[in-house]
Structures are given as C-alpha cells and as structure tokens.
Amino acid sequence: MSAGRTNESASHSGEGIDMNTTATAATAATTPAVKAVQVHKAYGSLHVLKGVDLTVEPGSVTVMLGPSGSGKSTFLRLINQLETLTGGSIEVDGELIGYRHVTKGGRDMLQTLDDREIAAQRAKLGMVFQRFNLFPHMTALENVMEAPIHVKGMAKAQARELALAELERVGLGDRAGHYPAELSGGQQQRVAIARALAMKPDIMLFDEPTSALDPELVGEVLGVMRSLADDGMTMIVVTHEIGFAREVADQIVFMADGVVVEQGGPDIIDNPTEPRFRDFLQHVL
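What you are looking at is a predicted structure, and each value in this text was computed from that prediction instead of being measured.

S.K.: Explain the pairing of strand β12 (residues 259-264) to me, using residue names and the numbers behind them.
M.R.: Both strand β11 (residues 251-256) and β12 contribute to a ladder of five bridges, which runs antiparallel. Bridge pairing in β12 links V253 to Q263. Linking β11 back to β12 in an antiparallel pair, the connection comprises two residues, with D257 at a positive phi of about 55°.

Next comes the structure, spelled out in structure tokens:
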C-alpha cells in the first residue's frame, strides 16, 4: 500500500486508517453524516469556495440553493473527492476524507491517502449527476449490475437480483431489458439513481438531477427522491426545484459567491432574511 504524502512531501510508512471501529452506538448516533469546516476551493486565482461551514445530520435532507457559479456543485464534488480541497476539512461519518493525521518531528501533519483508501471512503457515497452517463451498449439492468460486480466483486446472480430490486425501487422493473436510447430522460435518470443505490451508500449526493430533463419528466425523478427521503436516506441535493425543497428538506442552504448566505429550515423559503436570498427567490418562484 502506498503511504501517500505529507505536506512536506515526505513519505511515512506503516500508517493505517482509523475507521472508528471502536465507536459506541451512542457516539455514532451523534456523529454528523457530513461536517465541513472552513472549506475553500480555488482554481488558480479563481476562489470558488470561500470558507463554507456545513453540518448534515444522519437521515436528513439538505437542499442547496443558489445561482449558477455559487459553488454548490463544487462542494458536492469535494465531498465525493472528485476535487481536492484548497483549505479546510470535510468529515464523512466522523472520518476525515482525503487525508489522515500523522505525527512528524513532534508536529501533527496531514498525509494524503492513497487511491485505494480514497476509493474505500467514496464507497460510502452515491452521486447522481445532471447527465445520466449510462453505458449506451448496456441495458438498464446491466448498467445497474456493473459496479456491484466489478467494484464490489459480487457474484453475477447476486448482482442481478440486487439490480432488479433497485430498478423496482425506482419504478423501472418493467424496463430492465431496455437500452438507454429506448428510455426517456427521466427514466434514464432513474436508472442512474438505481445504479448509485446498488452500491448501498450511506449518503446520496444529487447534483442538479432534473436540470437536463424536459419539464414533464421532472416529477418522476423528484418522486423517487421523495421516496428515498421517506426511507431515511441521508441526502444532499443541489437543485432549483423550490417546491421539492420546501416539501422534503430538513435544512436549506443558500449559497452565493462561494459562501453560505443563509441557512435554516424549509420555512426560510417563505421568510428569507437575507436580501440576496430574497432576490434569488423572486427570480425562481
């Protein structure tokens, strides 16, 4: 196993990952699903996130609202380690992502995790993107079976049973043998959700899951997401669907210009206190 790098580019061997295996049930119950502290992300001189703090409780739904370019999607990509932090920290289920603490010369330092360790952390997360990204040469069933077989090493028969169950869960049990080109956009996105669920994630991340859909197809995808919320799935959703946010969210986070401008319960949609949030709502409602 590669040891990774410290922030002085020195190697450090023999370090394991603290997976919190000795945590008590009581402690686990109070551990946030996601905790972000002063998260920064910059691309050269472009500062996309400027010190974001956010706590997401297990079993809750957090909806992130805001204009394009406010940093919402970047924040989701940081949680799933598709981007690397410029500053700050993110914990998932109490575990620091992307790094481990090591002691070097009497000082506490951060050491980068290797690819295998990062993949293990990502396994806790399912992510659904704007575009469906289904394999066009595979049926819906085969698309959902792919990751359990090739990532988790699941037997084909078991993966097939699991995939069929997840397709039923999203209302597509009768479309298992169809190819993506034979499905509507809403159906393809539901296959993408089933594909993510087949990996049995603890947390689901949704990045504008309905933005690429025709208006008449949006409802079927939101219906699946409502069902997941009812089942107690921890979810972070980036969306402009204000009705969904009002109905399903436990926490609303409004971002603009890389910072959290306002956050609270769903009631803040009808009673915003920040002028920037009020202006945003006037344009989208």
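Anyway, onward from the coordinates.
S.K.: Break down the pattern of salt bridges for me, citing the residues and quoting the values.
M.R.: One pass over the structure, following the stated rule, counts 10 salt bridges. With a closest N to O distance of 3.0 Å, E220 and R190 form a salt bridge. Separated by 30 residues along the polypeptide, E220 in helix α7 (residues 215-230) and R190 in helix α6 (residues 185-197) bring together distant segments of the chain. The class for E220 is partly exposed, based on a relative accessible area of 25%. Taking relative accessible area as the criterion, R190 reaches 11% and is therefore assigned buried. One network of salt bridges, in which partners are shared, links E166, R169, K200 and D231.

S.K.: Break down the packing of helix α4 (residues 140-150) against helix α5 (residues 156-169) for me, citing the residues and quoting the values.
M.R.: Packed helices, taken two at a time, are described by the angle between their axes plus the distance between the axes. Between α4 and α5, the least distance of the axes is 8 Å, while the angle of their chain directions is 125°. By the angle between their directions, the pair α4 and α5 is classed as oblique. For the pair α4 and α5, the crossing hand works out as right-handed. Residues A140, L141, V144, M145, P148 and I149 of α4 form the contact with α5, whose own contacting residues are K156, A159, R160, L162, A163, L164 and L167.

S.K.: For unusual backbone geometry, give the residues involved together with the corresponding values.
M.R.: Non-glycine residue Q38 carries a positive phi angle of around 45°. One can find Q38 in strand β1 (residues 34-43). According to the relative accessible area criterion, Q38 is partly exposed, its value standing at 39%. Of note in the backbone geometry, K200 takes a positive phi value of approximately 55° without being a glycine. Counting through the fold element by element, K200 comes out in the loop between α6 and β9 (203-207).

S.K.: An account of the packing of α5 against α6 is requested, with residue identities and associated values reported.
M.R.: Where α5 meets α6, the closest approach of the two axes is 9 Å, and the angle between their N-to-C directions is 135°. Relative to α6, α5 is oriented oblique. Every pair of crossing elements has a handedness; the one defined by α5 and α6 is right-handed. Of α6, the residues touching α5 (which contributes E166, L167 and R169) are V191, A194 and L197. A per-class count over the contact of α5 with α6 returns four nonpolar, no polar and two charged.

S.K.: Give me the lowdown on the nonpolar core, citing residues and values where you can.
M.R.: Formed by 53 residues in total, the largest nonpolar core has its most connected members in V63, L167, I193, F206, M225, M235 and I252. With eight residues, α7 is the single largest residue contributor to this core. Residues contacting L167, with those up to four places away along its chain left out, are A140, L141, V144, L172, G173, A176, V191 and A194. V56, F75, I97 and I236 belong to the second largest nonpolar core, which has 26 residues in total.

S.K.: Which residues make up the pairing of strand β7 (residues 107-112), and what are the values?
M.R.: One ladder, built from six bridges, connects strand β6 (residues 99-104) with β7; its direction is antiparallel. Bridging across to β7, K104 finds its partner in R107. In sequence, β6 turns back onto β7 through a hairpin of two residues, with G105 there showing a positive phi of about 60°.

Criteria and thresholds
- Residues numbered from 1 in each chain as written.
- Predicted model: local features only at pLDDT ≥ 70, side-chain atom pairs only at ≥ 80, totals over all residues.
- Heavy atoms only, no water.
- Pairing = 2+ DSSP bridges.
- Helix = DSSP H or I, 4+ residues; strand = E, 2+ residues; numbered from the N terminus.
- Salt bridge = Lys/Arg side-chain N within 4 Å of Asp/Glu carboxyl O.
- Buried < 20%, exposed > 50% of the residue type's maximum accessible area, 1.4 Å probe, protein only.
- Axes fitted to C-alpha atoms, helices over the stretch in contact; angles between N-to-C directions.
- Parallel < 35°, antiparallel > 145°, perpendicular 65-115°, else oblique.
- Left-handed = near helix turned anticlockwise from the far one by under 90°.
- Contact = heavy atoms within 4.5 Å.
- Nonpolar A, V, L, I, M, F, W, Y, C, P; charged D, E, K, R; others polar.
- Core = buried A, V, L, I, M, F, W, Y, C linked by side-chain atoms within 4.5 Å.

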